[in-house]
Amino acid sequence: MRFGIFYEHQLPRPWEADSEQRLYADALEQVELADRVGFDYVWEVEHHFLEEYSHSAAPEVFLAAASQRTRNIRLGHGIVQLPPPVNHPARVAERIATLDLVSGGRVDFGTGEASSAAELGGFGVVRDRKRDMWQDSIDAVTRMFVEEPFAGWDSPYLRMPPRNVIPKTVQKPHPPLWVACSRRETIHLAARNGIGALSFAFIHPEDAAAWSRDYYRLLASEECVPAGFAVNANLAVVLPMMCHEDAEEARRRGAMGAGFFAYALAHYYGPSGHLPGHGDIWRDFLEQAPELRGGDPLGGALGTPQHLIDLIRRYEAAGVDQMIFVLQAGPNRHDHICESLELFGEKVLPVFADGREERERARRDRLAPAVESALARRAPARTMAEPYPIDEEAELARVTRPRAPVPAPGDVLAAARRNARRSGRRLLARLVANRTDEELARWFGPAAQRLLFTLMARSFDPARAAGFRGLIEFRLGPRATWTVAISGDRARARPGHARNARLTLSMPAADLLRILAGTSNPAALLVSGRLKVTGDVALASRVPEMFGAPSPY
């Protein structure tokens, strides 16, 4: 087990003139302390435009500053957004290599796609194409690390002539690769690409065990074709943390931060209707989610050293390789964070240190044949038969030449379906706008329920179901319960309770209408207590997109 700390650089309102400067200065002190007490990693996100939730737009600058104040701790990008409209792949390769040089070879290169509407819309990234952009970019970036010169690129997302992308990294062939994972399917994606899985799903140990089994099974199979030129077999889990000798004091110090983290996350990763420069998420959190102030909605590690030791052992037994802790969240105080890091370093870290290197070496030896086979399936670095002369005019002509894609019939049909769904959501949004729960409940009688659930069933998209088959129960009140049965590629809706439902969603009927209209965020309803989930929580996060809503991921 390895240990890391994680930074979003959260900054709830109200702000003062020096709030962001103090935020960064405190974070650098915390990283310096974490290095001193024995933490293995610091992870820094890249987010844009997510005010209050994350003021971390240039992680490479923060990590470079941290590199000059630390000696051993590894510097993790958690993550770099790879779609080219956000970051040109050559600039990514240059920044990663430079950070690896100034840190003495301590970089871990976490990657991702971005998924908030604020970022995708802000940079013009089409949600349905961002996964393909990520896959294309990680292939290009890793080739830039190893090819001399990089032999050029021509894809729907990147056109670039041959160039020698410099500097090169200290770690060879390149720093360890990771990808952000928010659900089980992306754990599979990480394994099939031979890269580390950074799980931001805040999963419990029992769920982590299933994810770990899937991850290592796929990584050792013929389905693994590495995205880079080395395999990084690692599964990391993120949790909020605050450590204190008194359990109640640990909760008092950390619960508000964990609650705000969950609330702000739900705010941006759904139909929040955020108003840039005018919102106040902290005020909304205090007014709308009072039950989150003293709880821990993300199932974090808030407690005594012994509580944390017991919790970590459960994750270790589940096959998790690294625990990454969020301490800087919401209003959490700098002095409390530092005291927590010191206590963790004194009483928790040593428990897991003995024999760690030997166990890691045994794991590497066990995986070595599978890793060798996987790397043999990866297309090798390219070499150019002859030197390539730079020709500005010819290169510009090639790069700027317009493409004329011919849409496939399936793409046209899918676009027509998406447009129909958008029109239906807009109509429903107008119907539910400015109506109270009571007004919507009266309108949403048995006939309207039957129509709505029938339309939901017809909108079922098996490609979004990740192979799910079974029963989902919707409890909308004492006399309004519906069951949707999914079998094969079809869904059927009927009134009444389900036997052995894999998932039960309980909420006011008005909230279901608002979710379907795209005017309410299911995650926000969950953290506020208006939506209750029983059964498969991972499946619950997928339900809206299974029935035609746009994916939040």
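Up top is the structure.
Analysis parameters
Residues numbered from 1 in each chain as written. Predicted model: local features only at pLDDT ≥ 70, side-chain atom pairs only at ≥ 80, totals over all residues. Heavy atoms only, no water. Core = buried A, V, L, I, M, F, W, Y, C linked by side-chain atoms within 4.5 Å. Buried < 20%, exposed > 50% of the residue type's maximum accessible area, 1.4 Å probe, protein only. Helix = DSSP H or I, 4+ residues; strand = E, 2+ residues; numbered from the N terminus. Contact = heavy atoms within 4.5 Å. Salt bridge = Lys/Arg side-chain N within 4 Å of Asp/Glu carboxyl O. Pairing = 2+ DSSP bridges. Axes fitted to C-alpha atoms, helices over the stretch in contact; angles between N-to-C directions. 1 Å grid on protein atoms, 1.4 Å probe; cavity = no way out; pocket = protein on both sides within 12 Å on 5 of 7 lines; lining within 4 Å. Points joined across faces, edges and corners; volume = space filled by probe spheres on them.

Peer 1: How should the nonpolar core be read in this particular structure?
Peer 2: By size, the foremost hydrophobic cluster in this structure holds 84 residues, and its most contacted members are Phe3, Phe39, Met323, Phe325 and Phe344. Take this core: its biggest share by element is eight residues, from helix α7 (residues 205-219). Other than its neighbours up to four places away in sequence, phenylalanine 39 contacts Phe3, Gly4, Ile5, Ala34, Ile73, Met241, Phe325, Leu341, Phe344 and Leu349. Formed by 36 residues, the second largest nonpolar core is a distinct cluster that contains Ala429, Phe444, Phe460 and Leu513.

Peer 1: What is the right way to look at the pattern of salt bridges in this model?
Peer 2: Opposite charge on two side chains permits them to pair, given that their charged atoms come into close proximity. Here the structure, examined in full by the defined rule, presents 40 salt bridges. Across the pair glutamate 51 and arginine 13 runs a salt bridge whose closest N-O atoms are separated by 2.7 Å. On the criterion of sequence distance, the pair formed by glutamate 51 in the loop between β2 (41-44) and α2 (59-67) and arginine 13 in the loop between β1 (2-7) and α1 (19-37) is long-range, its members being 38 residues apart. One exposure class covers both glutamate 51 and arginine 13, and it is buried. With a closest N to O distance of 2.7 Å, aspartate 511 and arginine 530 form a salt bridge. Here aspartate 511 is found in helix α17 (residues 509-517), whereas its partner arginine 530 is found in the loop between α18 (522-528) and β16 (532-535), with 19 residues between them in sequence.

Peer 1: Help me out: how do you make sense of α17 in this one?
Peer 2: In an α-helix, one turn spans 3.6 residues, which is why side chains three or four residues apart end up on the same side. Counting buried positions along α17 gives eight out of nine residues, so the element sits mostly inside the fold. Where α17 is concerned, the buried positions are Ala509, Ala510, Asp511, Leu512, Leu513, Arg514, Ile515 and Ala517.

Peer 1: Could you clarify how one ought to interpret the sheet that holds strand β15 (residues 503-506) in this entry?
Peer 2: Two modes of strand pairing occur in sheets, parallel and antiparallel, and in both the strands are linked by backbone hydrogen bonds. A sheet is described by the order of its strands in space; here five strands give the open sequence β14-β13-β12-β15-β16, paired in mixed fashion. Each end of this open sheet is capped by a strand with a single partner; those strands are β14 (490-495) and β16. Each neighbouring strand pair of the sheet contributes to a mean axis angle of 15°, computed without reference to strand direction. Alignment of strand β12 (residues 470-475) against β15, held across four bridges, turns out to be parallel. In the sheet register, phenylalanine 474 faces β15, and the bridge partner there is leucine 505.

Peer 1: Help me understand empty space enclosed by the protein, please; the structure alone is not making it clear to me.
Peer 2: If a probe as big as a water molecule is rolled over the atoms, it shows which places are left empty. Counted by the stated rule, this structure contains one cavity of 30 Å³ or more. By volume, the largest cavity is sized at about 50 Å³. Tallying contributions element by element places helix α8 (residues 247-268) first for the lining of the largest cavity, with four residues.

Peer 1: Mind showing me how you'd approach the environment of leucine 218 here?
Peer 2: Its location among the elements puts leucine 218 in helix α7. Sequence spacing of leucine 218 and glycine 194 is 24 residues, and the spatial spacing of their C-alpha atoms is 9.0 Å. The residues contacting leucine 218, other than those within four sequence positions of it, are His188, Ala191, Arg192, Glu223 and Cys224.

Peer 1: Looking at this model, I keep getting lost on the environment of serine 54. Mind explaining?
Peer 2: Relative to the helices and strands, serine 54 is located in the loop between β2 and α2. On the basis of relative accessibility, which here comes to 4%, the residue serine 54 falls in the buried class. Taking C-alpha positions, serine 54 is 24 Å from glycine 518, a pair spaced 464 residues apart along the chain. The contacts of serine 54, once residues within four sequence positions are left out, are Glu8, His9, Val45 and His47.

Peer 1: What's the story with the pairing of strand β13 (residues 481-487) in this structure? I'm lost.
Peer 2: Residues in a regular strand project their side chains so that they alternate between the two faces of the sheet. In terms of burial, β13 is largely enclosed, as five of its seven residues are buried. Here β12 pairs with β13 via six bridges, running antiparallel. Bridged to arginine 475 within β13 is threonine 481. Turn length for the β12-β13 hairpin, with the two strands adjacent in sequence and antiparallel, is five residues, and the turn residue glycine 477 shows positive phi of about 150°. In the sheet, β13 pairs with β14 via six bridges, with the strands oriented antiparallel. Each bridged residue has a counterpart across the sheet, and for threonine 483 the counterpart in β14 is arginine 494. Between β13 and β14, which pair antiparallel and follow one another directly, the connecting turn spans two residues, one of which, glycine 488, has a positive phi of 65°.

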